[in-house]
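# Understanding the architecture of this molecule
Below, each chain spelled out in residue letters.
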Amino acid sequence: PASGETRPLQSMTPNITPAVPSELSPPAPGERVNATFVTLARNSDLWEIARSIRQVEDRFNRNYNYDWVFLNDKPFDDQFKKITSSLVSGKTHYGEIPTEHWSFPPWIDQKKAEAVREDMRRRRIIYGDSISYRHMCRFESGFFFRHPLMQQFEYYWRVEPSVELFCDVHYDPFRFMKDNKKKYSFVLSLYEYVETIPTLWDSVKKFIKAHPEHISPDNSMSFLSDDGGETYNKCHFWSNFEIGNLDWLRSQAYQDFFESLDKDGGFFYERWGDAPVHSIAAALLLRKEEIHFFNDIAYYHVPFTHCPTGEDLRLKLRCHCNPQDNFDWKGYSCTSRYFDLNKIAKPEGWMDQV
Ligand code: GDP
Ligand code: MN
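In this report, we go over the structure that sits alongside the text. Bear in mind the structure is a predicted one, so any value in this text is a computation, not a measurement. (Residues numbered from 1 in each chain as written. Chains lettered and ligands numbered in written order. Predicted model: local features only at pLDDT ≥ 70, side-chain atom pairs only at ≥ 80, totals over all residues. Heavy atoms only, no water.)

## Concerning the state of the cysteines
In protein chemistry, a disulfide is the covalent bond that joins the sulfur atoms of two cysteines. Definition in use: Two cysteine sulfurs form what is called a disulfide whenever their separation falls within 2.5 Å. Numbering of helices and strands runs from the N terminus; a helix is a DSSP stretch of H or I covering at least four residues, while a strand is a stretch of E covering at least two. Think of it in three bands: with a 1.4 Å probe and only protein chains considered, a residue is buried below 20% of the maximum accessible area for its type, exposed above 50%, and partly exposed in between.
The final tally for this structure, using the stated rule, is three disulfides. One disulfide bridge connects Cys167 with Cys319, the sulfur atoms lying 2.0 Å from each other. Disulfide Cys167-Cys319: torsion about the S-S bond near 115 degrees, hence right-handed. Of this pair, Cys167 sits in the loop between β5 (164-165) and α5 (173-179) while Cys319 sits in the loop between α12 (311-316) and α13 (335-341), and the two are 152 residues apart along the sequence. Side by side, Cys167 and Cys319 carry an identical accessibility label, which is buried.

## Examining the packing of helix α9 (residues 252-264) against helix α11 (residues 274-285)
For clarity, the threshold we go by: Orientation is described by axes fitted as lines to C-alpha atoms, over the contacting stretch for helices, and by angles from 0 to 180 degrees between their N-to-C directions. An angle below 35 degrees is read as roughly parallel, one above 145 as roughly antiparallel, one from 65 to 115 as roughly perpendicular, and any other as oblique. Put simply, a crossing is left-handed when the front helix is turned counterclockwise from the back one by less than a right angle, and right-handed when it is turned clockwise. Note on contacts: a residue pair is in contact if any heavy atoms of the two residues lie within 4.5 Å. Any residue that is not Ala, Val, Leu, Ile, Met, Phe, Trp, Tyr, Cys, Pro, Asp, Glu, Lys or Arg is counted as polar, Gly included; the first ten are nonpolar and the last four charged.
Following both chains from N to C, one finds α9 and α11 inclined at 135 degrees, their axes separated by 11 Å at the closest point. The angle between α9 and α11 places the two elements in the oblique class. Classified by chirality, the crossing of α11 by α9 is right-handed. Contacts from Ala253, Tyr254, Phe257 and Leu261 of α9 reach α11 at Val277, His278, Ile280, Ala281 and Leu285. The class makeup of the residues in the contact of α9 with α11 is eight nonpolar, one polar and no charged.

## A short note on the sheet that holds strand β11 (residues 299-301)
Defined as follows: Pairing between strands requires that DSSP locate at least two bridges from one strand to the other.
Spatially, the three strands line up as an open sheet ordered β5-β11-β12, and their pairing is antiparallel. Of all strands in the sheet, those with a lone pairing partner are β5 and β12 (304-306), marking the two edges. For β5 and β11, the ladder comprises two bridges, and the chain directions are antiparallel. Looking at the pairing, Leu165 lines up with Tyr299 of β11.

## Quick notes on the coordination of the manganese ion (ligand 2)
Angles between donor atoms at a metal ideally measure 109.5 degrees for a four-coordinate tetrahedral arrangement and either 90 or 180 degrees for a six-coordinate octahedral one. Rules: Here a donor is any nitrogen, oxygen or sulfur atom (N, O, S) within 2.8 Å of the metal, with 3.2 Å used for Na, K and Ca; water is not among the atoms considered, so some sites may look incomplete.
Protein coordination at the manganese ion (ligand 2) comes from Glu160 (OE) and His301 (NE2), with a distance range of 1.9 to 2.2 Å. With Glu160 in the loop between β4 (155-158) and β5 and His301 in strand β11, the pair connects residues that are 141 residues apart, well separated along the chain. Each of the two residues, Glu160 as well as His301, counts as buried.

## Brief notes about helix α4 (residues 131-142)
Put simply, the test is: The span one expects for a helix is its residue count, reduced by one, times 1.5 Å.
The terminal C-alpha atoms of α4 lie 17 Å apart, and with 12 residues this matches the ideal 16 Å at 1.5 Å per residue to within 8%. Among the 12 residues that make up α4, 10 are buried, leaving the element largely enclosed by the rest of the structure. Every buried residue belonging to α4 is among Tyr133, Arg134, His135, Met136, Cys137, Arg138, Phe139, Glu140, Ser141 and Gly142, and all of these are buried.

## Quick word on the site of ligand 1
So the rule is basically this: Throughout this document, a residue counts as near a molecule or strand when at least one of its heavy atoms sits within 4 Å of that molecule or strand. Two N or O atoms count as a polar contact when they lie within 3.5 Å, although within protein this holds only if one can serve as hydrogen donor and the other as acceptor, and sequence-adjacent residues are included solely when both atoms are side-chain atoms. Per-residue and other accessible areas follow the Shrake-Rupley method at a 1.4 Å probe size, with only the shown protein chains counted as cover for residues.
Around ligand 1, 14 residues are found, and the nearest of them are Leu40, Asn72, Asp73, Tyr127 and Tyr133. Leu40 is positioned such that a nitrogen or oxygen atom in its backbone is 2.6 Å from an oxygen atom of ligand 1. In this structure, Asp73 approaches ligand 1 through a side-chain N or O atom, which is 2.8 Å from a nitrogen atom. About the coverage of ligand 1: the protein hides 84% of its 570 Å² of free accessible area.

## Details of the pairing of strand β2 (residues 67-72)
The condition is simple: When the strands point away from the viewer, a crossover counts as right-handed if the path from the first strand over the helix to the second runs clockwise.
The element β2 is largely enclosed, with a buried count of six among its six residues. Alignment of strand β1 (residues 35-40) against β2, held across five bridges, turns out to be parallel. Residue pairing across strands places Val38 opposite Val69, the latter belonging to β2. For the crossover from β1 across helix α1 (residues 46-59) to β2, the handedness is right-handed. Of the strand pairs in this sheet, β2 and strand β3 (residues 92-96) are connected by five bridges, and their pairing is parallel. If you follow Leu71 over to β3, its bridge partner there is Gly95.

## As for the pairing of β4
Where burial is concerned, the two faces of β4 agree: the one with Tyr155 and Trp157 and the one with Tyr156 and Arg158 are both buried. Sheet analysis places β1 next to β4, joined by four bridges and oriented parallel. Its bridge partner lying in β4, Ala35 is registered against Tyr155. Inspection of the sheet shows β4 paired to strand β9 (residues 242-245) by four bridges, in the antiparallel sense. If you follow Tyr155 over to β9, its bridge partner there is Asn245.

## So, the nonpolar core
Rule in force here: To qualify as a nonpolar core, a set must consist of buried Ala, Val, Leu, Ile, Met, Phe, Trp, Tyr and Cys residues joined through side-chain atoms within 4.5 Å.
Judged by nonpolar contacts, the single largest core of 60 residues is most densely connected at Phe144, Leu224, Trp248, Tyr254, Phe257, Ile280 and Leu285. Ranked by residues supplied to this core, first place goes to α11 with seven residues. Contacts of Phe257, omitting those with residues within four sequence positions, involve Val204, Phe207, Val277, Ile280, Ala281 and Leu285. Residues Ala41, Tyr155, Leu165 and Val169 belong to the second largest nonpolar core, which totals 39 residues.

Next up, the structure:
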């Protein structure tokens, strides 16, 4: 497609012309944005990530051929590389995570962290007893965008194993982000389990005090707090789907934010997730117009679905999700708050789903 143009919507009649293999019609240089897909995965995630890749390719990337970066705390095996590189239409890159980005930092008291895991195991808090899950959350919070393979890129789209895309993506979301100066985006939002983040907001308030210069004058605090910042309402964007700007994550403001939280130890003394960490950063450090909701990217990650309201849109995009499954306007979603604070109209048909 020409730069900045959206692709024409597919006609509703079946297209009987065979598709031109994407190898024969890659986008001309300059049309694509400097962007990549990125996946953190284990070798054992192969068949689950294969399903995700197939859907991303069928619904979008076969027409664009963006690169895909795979990161792992262990070396990827040949089988993983063979299968994933056969599925991705763009170039694939495989990287190992440096030990410093996947281990306990020296200021963490190991005994205290172990006692926390044991306590969370007894209280049956999800992933509460897991060391690797904590390394994963800390890596996604503070390090994936600094990996050498990511340095060359300006935008990323995070893809996890076993996710689904239900509609055609009929334009380039990376191009949309760049042309509209968006820095962060989401499709699902919800409330975090309080047991995993009891002191996260205290840490955030400490950061706000220490670095008032990083707080955007036009922030989205009202997405996070119902009392002007005194307490956290637990709302966060679900980070297993993200399209975002890597230069923002590599900025001084985000670095200072992550370092401040990391020093407080909550990735290990509690079980802080990268979703609330990214979300709080986006809501406080960015201007509110820099955060985008992709209504037209229909998505599933267990157990929640984003399926666009509005039948016209679903038919045009050849969606296969059940609109009754849409989570956006249900009680446990925070997406209404995003619409209210940005004073934007909710998508067609949302009332039918309340
Ligand atoms: P959930 O979505 O919170 O239930 O967590 P997931 O199990 O989906 O993990 C989140 C992401 O991190 C996925 O992309 C996983 O493949 C990846 N991941 C989780 N744990 C590990 C790990 O120990 N090593 C590696 N390399 N990737 C991991
Ligand atoms: Mn997941």
